[in-house]
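Inside the fold
Each chain, written out:
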Amino acid sequence: MSRRLHIVIDDAIPFIRGVLEPFFDVSYIPGIEITNQNLKNAEGLVVRTRTICDSSLLNQTPVRFVATATIGTDHLDTLYLNQQGIQWMHAPGCNALSVCQYVLAAIFEILYETKKPLTETTLGIVGVGHIGSRLYPLAKALGIHCLLCDPPRADEDKENDYLSLMEVLSQSDIVSLHVPLIQQGLYPTQHLINDTHLKKMPSHAYLINSSRGLVVDNQALSYHLKEKTIAGAILDVWEEEPNLNKTLLNQVMIGTPHIAGYSQDGKANATSQVVRGIGNAFDIEPLKTFDLHLEKQTLEIEPLVEDDFLSLRAIFKKTYDIRKDSLLLKHSPDNFETFRKNYPVRREPRAYELKTLIKKENIRRVLEKLGFHLCVDSHFV
């Protein structure tokens with residue numbers, strides 16, 4: 001009898017246990033503990049960002065397929081994988097709406113503190129790919145003016161109104177970063193935001209980074225926050241994480257442990273993409289169309305105040321309280337990885353059927369554009 005195929009999986013990937021067992025021998029191992037020795041009899045490997053997939057990990061193993069349940073690929077040595085004929089995949093766009101939820105929650109908190117109206121706020125979106133392109137219409141639905149920066153797309157598409165990075169930085173009240181980590185080539189993003197760029201930002205401006213830690217020069221950002229040349233920052237990603245700069249953590253308005261994309265819905269999307277990829281790579285028909293469907297939840301909220309902004313913030317905060325994540329990390333920064341591994345359930349707005357009393361039709365329209373499903377017995381008078 002021939003040996004069954006063996007696949008090694010990061011034990012923190014959700015919703016995958018039991019799915020592959022009918023077809024593979026499966027080993028679940030913490031991502032940071034996966035070694036070359038673990039892979040000596042493995043044909044497949046499924047990871048997240050904490051496993052560096054390069055020659056030192058994969059040399060002289062039978063691995064012929066690598067999947068990462070993440071958007072990013074900077075932990076994959078794709079050149080090596082291609083040279084060795086190892087198939088690989090990632091999950092582009094899987095958690096885009098989760099990251100949008102994080103950024104909108106951050107914007108609500110910034111504007112709550114600054115008292116700046118939504119319609120008088122300019123948001124600079126740097127990177128208009130899977131996430132930035134989804135954030136743009138959501139921010140517009142709130143009445144926020146948006147400026148877009150994406151040099152690769154600007155070079156290919158001369159008709160859209162893309163601005164330069166310096167223009168976006170100098171003209172925005174809030175700048176949100178949504179770029180991959182690219183260290184070489186025409187469009188490098190390592191330290192895309194450095195001392196020179198931070199000097200261009202107005203003193204009242206805020207920076208949000210939920211992309212990759214190395215995209216922002218953390219030392220330079222710490223200096224500018226100390227000197228108050230910018231008003232504040234919200235960081236979900238850090239240089240040298242999980243060993244983040246604790247001084248910078250104390251300086252930022254909100255700091256979280258790389259969980260912007262950690263909604264249950266985003267995780268389910270990533271796992272679905274990975275399982276389908278495994279099905280295609282190993283020609284297993286039942287896996288090729290695998291798709292996870294999470295149940296919707298009813299969200300009941302007490303009648304809201306008259307103020308439009310406070311109404312929207314109250315509803316959105318019911319789906320995600322970004323400050324709770326920040327308080328946990330600021331209190332125990334050494335538990336960065338523990339917080340990620342044991343992250344509580346978070347659902348995106350599209351997962352909720354909203355039941356509430358709202359007195360303005362314009363709020364109804366905004367909520368629908370943000371993704372909420374409105375229960376038939378919700379009242380709008």
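Scroll up to find the structure this text is about.
Okay, so let's go over this structure. By convention here, each chain's residues receive numbers from 1 onward along its written sequence. Selection of residues for local features in this predicted model requires a pLDDT of at least 70, selection of side-chain atom pairs for listing and counting requires 80 or more, and totals for whole chains, interfaces and linings are taken over all residues. As a rule here, side-chain values cover all heavy atoms of the structure and leave hydrogens and water aside.

Regarding the layout of surface pockets
In this analysis a 1.4 Å probe is tested at points of a 1 Å grid over the protein atoms alone, and where it fits but cannot get out there is a cavity; an open set with protein on both sides within 12 Å along at least five of seven lines is a pocket; lining residues have an atom within 4 Å of a point. Grid points are joined across faces, edges and corners, and a volume is the space filled by probe spheres set on the points. Within this model, the second largest pocket holds a volume of roughly 380 Å³. Along the walls of the second largest pocket sit 16 residues, with T49, R50, I52, D74 and H75 positioned nearest its centre.

Regarding the nonpolar core
Within the largest apolar cluster, 52 residues are counted, with the highest numbers of intra-cluster contacts made by I107, L123, L142, L367 and F372. The numbering of helices and of strands both runs from the N terminus, where a helix is a DSSP run of H or I of at least 4 residues and a strand a run of E of at least 2. Secondary-structure elements contributing two or more residues to this core are helix 3 (96-114), strand 6 (122-126), helix 4 (132-141), strand 7 (145-149), strand 9 (206-209), helix 12 (308-319), strand 13 (352-355) and helix 15 (361-369). It is helix 3 that provides the largest number of residues to this core, a total of twelve residues. The contact definition used throughout considers only heavy atoms, calling two residues in contact when any of these lie within 4.5 Å. L142 has contacts with L104, F108, L118, L312, V366 and L370, leaving out every residue within four places of it along the chain. Residues enter a nonpolar core if they are buried and are Ala, Val, Leu, Ile, Met, Phe, Trp, Tyr or Cys, with the set joined through side-chain atoms within 4.5 Å. Relative accessibility decides the category of a residue: with a 1.4 Å probe and only protein chains considered, values under 20% of the type maximum give buried, values over 50% give exposed, and everything between is partly exposed.

Focus: the state of the cysteines
By definition, disulfides here are pairs of cysteine sulfur atoms that lie within 2.5 Å. Applying the stated criterion across every chain yields a total of zero disulfides. Of all cysteine sulfurs, the one in C100 lies closest to C146, which takes part in no disulfide; the gap is 11 Å. Overall, C146 belongs to the buried group, its relative accessible area being 11%. Not part of a disulfide, C149 finds its nearest cysteine sulfur in C146, a span of 13 Å.

Things to note about the sheet that holds strand 10 (residues 232-235)
Two strands pair under a simple rule: DSSP has to find at least two bridges between them. Overall, parallel pairing links the six strands, which are arranged 7-6-8-9-10-11 in an open sheet. Across the chains shown, the open sheet's two edge strands, defined by having one partner strand only, are strand 7 and strand 11 (254-255). Bridge analysis of strand 9 against strand 10 gives four bridges, and the strand direction is parallel. Its bridge partner lying in strand 10, I208 is registered against I234.

Considerations on the sheet that holds strand 1 (residues 6-10)
Taken in spatial order, the five strands line up as 2-1-3-4-5 in an open sheet, and their pairing is parallel. Each end of this open sheet is capped by a strand with a single partner; those strands are strand 2 (25-29) and strand 5 (87-89). Averaged over all pairs of adjacent strands, the angle between their axes in this sheet comes to 15 degrees, without regard to strand direction. The sheet contact formed by strand 1 and strand 2 spans five bridges and is parallel. When the sheet's bridge partners are listed, V8 is paired in strand 2 with S27. Convention adopted: a line fitted to C-alpha atoms gives each axis, helices being fitted over their contacting stretch, and angles between N-to-C directions are expressed from 0 to 180 degrees. Where helix 10 (residues 264-281) meets the sheet, it contacts strand 1, strand 3 (44-47), strand 4 (65-68) and strand 5, and its direction lies at approximately 170 degrees from that of strand 4.

Things to note about helix 12
With twelve residues, helix 12 ought to run about 16 Å at 1.5 Å a step, and its terminal C-alpha atoms sit 17 Å apart, in line with that. What helix 12 keeps buried is the set F309, S311, L312, R313, I315, F316 and T319. Turning to helix 12, the residues buried within the fold contact helix 3, strand 12 (297-300), strand 13, strand 14 (357-358) and helix 15. Any N or O atom pair separated by 3.5 Å or less is treated as a polar contact, with the protein-specific requirement of one donor-capable and one acceptor-capable atom, and with residues adjacent in sequence counted only for side-chain atom pairs. At the N-terminal end of helix 12, a side-chain oxygen is found 3.0 Å from the backbone nitrogen of F309, two or three residues along, and the residue is D307. Take the residue count of a helix, subtract one, and multiply by 1.5 Å to get its expected span.

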